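Residues per chain are reported as follows:
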Amino acid sequence: MREISYRQALNEAMEEEMMRDPDVFLIGEEVAEYNGAYKVSQGLLEKFGPKRVLDTPISEAGFAGLGIGAAMVGLRPIVEFMTFSFSLVAFDQVVNNAPNMLTMSGGQFNIPIVFRGPNGPAHQLGATHSHATEPLYSNFPGLKVAVPATPRDAKGLLKTAIRDDNPVLVLESELLYNIAGPIEDKEVELLIPLGKAELKREGVDVTIICYAQTVRMALAAAEYLAKQGIQAEVLDLRSIKPLDRETIISSVSKTHRCVIAEQNKPFCGIGAEIAFQVQREIFDELDAPVLRVAQEEVPMPYNERLEAAVLPSQEKIIEAVYQVCYL
Amino acid sequence: MPATIPVEKDATKLPGLERELHLLYQMLLIRRFEERASQAYQQQKIGGFCHLYIGQEAVAVGALAAAREDDYVITAYRDHAHVIARGASLNACMTELLGKPTGCSRGLGGSMHFFDRANHMYGGHAIVGGHLPLASGLAFASKYRGEDRCTLCFLGDGAINQGAFHEAFNLSALWKLPVAFICENNLFGMGTHVARAASVKEVATRAKGYDMPSMIADGMDVRHMRDTVYTALQAMRKKPHPFFIEARTYRYRGHSMSDPATYRTKEELEKYKQEDPIADFKAILLSEGKLDETKFQELDREAKRLSAEAMRFAEESSELPLEDLHKYTFVDGADR
Ligand SMILES: Cc1ncc(C[n+]2csc(CCOP(=O)(O)OP(=O)(O)O)c2C)c(N)n1
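Please read all numbers here as calculations on a predicted model, not as lab measurements.

**Side note on the nonpolar core**
Residues L24, I182, V229 and L233 of chain B are the most contacted members of the largest nonpolar core, which totals 64 residues. In terms of residue count, helix α1 (residues 16-42) of chain B provides more of this core than any other element does, 11 residues in total. Those residues within four positions of V229 of chain B in sequence are excluded, and the remaining contacts are A63, A66, L152, I182 and I245 of chain B. Counting 44 residues, the second largest nonpolar core, distinct from the first, contains F84, I248, V278 and I282 of chain A.

Quick look at the structure:
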């Protein structure tokens, strides 16, 4: 085992898959000569040349669509959005062309493509640059949505995504790029399946469901709660679609209480779906209503204090746990 | 200097000489404001993204000197200059950078989202190309109402490759909307040179596909900017139609505060610094006998004083109350 950063993990995933399969290429704004706006593609141009690592104009709809077209005839593009806030300019391509093609063509055309880049609020970027897009993309059948929280998951999920014959979104996080974590040595082929949640911490009193940015908050909350005598189980979804219903249900069946920590806006957010699934499957197991910790229902303010008030946090998770425990 | 040279919202009302000194003064105000902001960013008083305009001052100042007070103005996220040149106070701008409620967007917008309704400044927009259709809409409204006001829409060279650019251009040309699209060609969209991003050799050529008239202006020359835009606006007021102006300019700083700008050579940067819009215009005014060194120092001191004063004002301004969080999501209940 060694430690690498989340950024480095994504870089390794792309490097390894590009070595393995000449049909894989990377396309996006500033991915080549600038080495990526967030340096995720550092060194890839040097290794693979301008044929396989391509800088595009600021034309999200254009290069996302170009990727889908290339995928129709068998190439395997990795499309980097500088952030998923900018993917909204290409929304039609991602939600209409990528996931519908297989159905519309009666099974003739699958789209093996990965859309990746940072997603969710970063720090004081304001309303247009802080979108958590996971509820949007999760609403389209035919798209898979991965949400890695650790370097190991970032690498393993991205590699799996690149090999998947369907369109997969890998929603990264600017705030996680610098975090370091343990990971297998480079010689070990690290593939993590989509749709398998990971139990990050065992507990018996409450299940905290989290993903991406909220995993660290949930773990910190659980640490604190343990000192207060509450044993929280922490479940990292790792992918939202497919959703690991089984693990969620078995954990909540055990703890009888559930808090969902999500990084998106509350209305029609990820937690709404999970809460529905839980009550549908194990209504009788629940000792308290499921609670959700999400953003506040407002466009993101620039002001630092207000932004902090909008975002989910360790404190808000602890508060929600107290509530479901009737404390 | 406001004593002798007020920040005049409609520069055409000033007598000739003062009008010219006013151009110089506005460029100085913007430069000194941003130098102050740059320091404050390094001291972490400003958060998020901050894109400086240093080097490009002649574009906004020249173009807006040609505009009427009631013309509509809209721009992208490198927006400090346009808002200042439009007449907003440095206090309101600096306070916005610090995210306080006395800021021009109440501290909710930040550097990329400066708005100033009173001066017909419609933002500060941070999605590349996203504001171009809005400009068409502003122009549509004035035509709809039978007014002769024009819309000035500033955009970067990176924006000319966005779908929204092409849709806005076609709509504006098809419906003959009085909007002047002013492309600030500073050669780079982040680290990508315009030649690696656009299929055309000359940005201005883009207008041809829409049968839209176009002109190229020297964006380092404030008079040339003013006169070019004035010519376009005069024509547009007589008979509504869109115009495309490519302003050739250069930014001296990185794309944003975190960009070391390694994609260009020192020589290139130096070459453009030799064409500094402020130094050049100063030299011209000196040689024409319209300015002396004492007067210049006076103007510059005033610009520096106001920038420092703006920072003091911003730091002393009170914080946004947390209760205001939900106030501006819907119009009911919002203070406006
Ligand atoms: C749709 C979209 N894609 C990407 C970005 C990220 N981005 C911000 S500024 C920029 C470069 C824009 O360059 P240009 O239009 O030339 O303006 P300049 O920065 O030179 O003022 C990019 C890629 C964005 N804000 N919006």
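**With respect to the packing of aromatic side chains**
Two measures describe an aromatic ring pair: the distance that separates the ring centres and the angle between the ring planes. Throughout the structure, instances matching the rule amount to 19 aromatic pairs over all chains. Considering the side-chain rings of F81 of chain A and F115 of chain A, the 5.8 Å spacing of their centres and the 10 degrees angle between planes classify their relative orientation as stacked. Taken as a pair, F81 of chain A in the loop between β4 (76-80) and α4 (91-104) and F115 of chain A in strand β5 (residues 114-118) lie far apart in primary sequence, 34 residues in all. Summarising the burial analysis for this pair, F81 of chain A and F115 of chain A share the class buried. With centroids separated by 5.1 Å and ring planes inclined at 80 degrees, the aromatic side chains of F169 of chain B and F244 of chain B adopt a geometry described as edge-to-face. With F169 of chain B in helix α6 (residues 163-174) and F244 of chain B in strand β8 (residues 243-248), this pair connects stretches of sequence that are 75 residues apart. An identical accessibility class is assigned to F169 of chain B and F244 of chain B; each is buried. Joined through ring pairs, the aromatic side chains of F63, F81, F84, F91, F115, Y137 and F140 of chain A make up one cluster.

**Some words on the layout of surface pockets**
All names here are of chain B. Of the pockets and cavities examined, the second largest pocket occupies roughly 890 Å³. Residue lining of the second largest pocket: 26 residues in total, with S105, R106, L108, F115 and Y328 positioned closest to the centre. The biggest single contributor to the lining of the second largest pocket is strand β2 (residues 121-124), with three residues. Across the lining of the second largest pocket, the residue classes tally to 14 nonpolar, seven polar and five charged.

**As for the interface of chain B and chain A**
Many authors give the size of an interface as the accessible area that is lost as the parts come together. Opposite the 36 residues of chain B that make contact, chain A presents 32 residues. Both faces combined, the contact of chain B with chain A buries some 2700 Å², and carbon together with sulfur accounts for 61% of it. Contact with chain A buries area across many residues of chain B, yet I127, R196 and L325 of chain B alone supply 21% of it, more than any other trio. At the boundary of chain B with chain A, the tally comes to three salt bridges. E33 of chain A is the salt-bridge partner of R196 of chain B, the closest N and O atoms lying 3.5 Å from each other. Here chain B is connected to chain A by 18 residue pairs in polar contact (both at pLDDT 80 or more). Here the side of chain B that touches chain A is built from residues that sort into 17 nonpolar, 15 polar and four charged.

**Digging into the site of the ligand**
Near the ligand lie 22 residues; those nearest to it are E60 of chain A together with Y77, R78, G158 and N186 of chain B. Among the chains of the assembly, those with residues near the ligand are chains A and B. A distance of 2.8 Å separates a nitrogen atom of the ligand from a polar backbone atom of A126 of chain B. A distance of 2.8 Å separates an oxygen atom of the ligand from a polar atom in the backbone of G158 of chain B. For the ligand, whose free accessible area comes to 580 Å², the fraction covered by protein is 95%. When its residues are assigned to classes, the shell around the ligand shows 11 nonpolar, seven polar and four charged.

**Considering the sheet that holds strand β12 (residues 239-241) of chain A**
All names here are of chain A. What the seven strands build is an open sheet, ordered β3-β2-β4-β5-β7-β6-β12; its pairing is mixed. Two strands bound the open sheet, and with one partner strand each, they are β3 (53-55) and β12. Put simply, the sheet's adjacent strands are angled 20 degrees from each other on average, direction ignored. In this sheet, β4 lies alongside strand β2 (residues 24-28) in parallel orientation, the contact comprising five bridges. Bridge assignment links F25 to a residue of β4, and that residue is P77. The strands touched by helix α1 (residues 6-20) are β2, β3, β4, β5 and β7 (168-172); relative to β2, the strand with the most contacts, the crossing angle is about 135 degrees.

**What about the side chain of T150 of chain A?**
All names here are of chain A. Mapped onto the elements of the fold, T150 is located in the loop between β6 (144-146) and α6 (151-163). Residue classification places T150 among the buried positions, given a relative accessible area of 18%. Within the structure, T150 has its side chain in polar contact with the backbone nitrogen of D153 (distance 3.0 Å). For T150, the contacting residues outside a window of four places in its chain are Y6 and K200.

**Regarding the domain arrangement of chain A**
Residues and elements named next belong to chain A. One can read the domain layout of chain A as domain 1 (2-183) and domain 2 (198-324). Taken together, the 32 residues of domain 1 in the interface contact 26 residues of domain 2. Summing both sides of the interface, domain 1 and domain 2 together bury roughly 2200 Å²; the carbon and sulfur share of this comes to 55%. When the area that domain 1 buries against domain 2 is broken down by residue, the three leading residues are P121, Q124 and V147, summing to 27%. Viewed at the interface, domain 2 and domain 1 are joined by one salt bridge. The salt bridge partner of R238 is D153, with a shortest N-O separation of 3.0 Å. At the level of elements, α5 (134-138), β6 and α6 are the ones that each hand at least two residues to the side of domain 1 that touches domain 2. For the side of domain 1 that touches domain 2, the class distribution of residues is 18 nonpolar, 10 polar and four charged.

Procedures and definitions
- Residues numbered from 1 in each chain as written.
- Chains lettered and ligands numbered in written order.
- Predicted model: local features only at pLDDT ≥ 70, side-chain atom pairs only at ≥ 80, totals over all residues.
- Heavy atoms only, no water.
- Core = buried A, V, L, I, M, F, W, Y, C linked by side-chain atoms within 4.5 Å.
- Buried < 20%, exposed > 50% of the residue type's maximum accessible area, 1.4 Å probe, protein only.
- Helix = DSSP H or I, 4+ residues; strand = E, 2+ residues; numbered from the N terminus.
- Contact = heavy atoms within 4.5 Å.
- Phe/Tyr/Trp six-rings, centres within 6.5 Å; stacked < 30°, edge-to-face > 60°.
- 1 Å grid on protein atoms, 1.4 Å probe; cavity = no way out; pocket = protein on both sides within 12 Å on 5 of 7 lines; lining within 4 Å.
- Points joined across faces, edges and corners; volume = space filled by probe spheres on them.
- Nonpolar A, V, L, I, M, F, W, Y, C, P; charged D, E, K, R; others polar.
- Buried area = accessible area lost by both parts, 1.4 Å probe.
- Salt bridge = Lys/Arg side-chain N within 4 Å of Asp/Glu carboxyl O.
- Polar contact = N/O pair within 3.5 Å; in protein donor to acceptor, adjacent residues only side chain to side chain.
- Near = heavy atom within 4 Å.
- Areas by Shrake-Rupley, 256 points an atom, 1.4 Å probe, with all protein chains shown as cover.
- Pairing = 2+ DSSP bridges.
- Axes fitted to C-alpha atoms, helices over the stretch in contact; angles between N-to-C directions.
- Domains from an automatic or database assignment.

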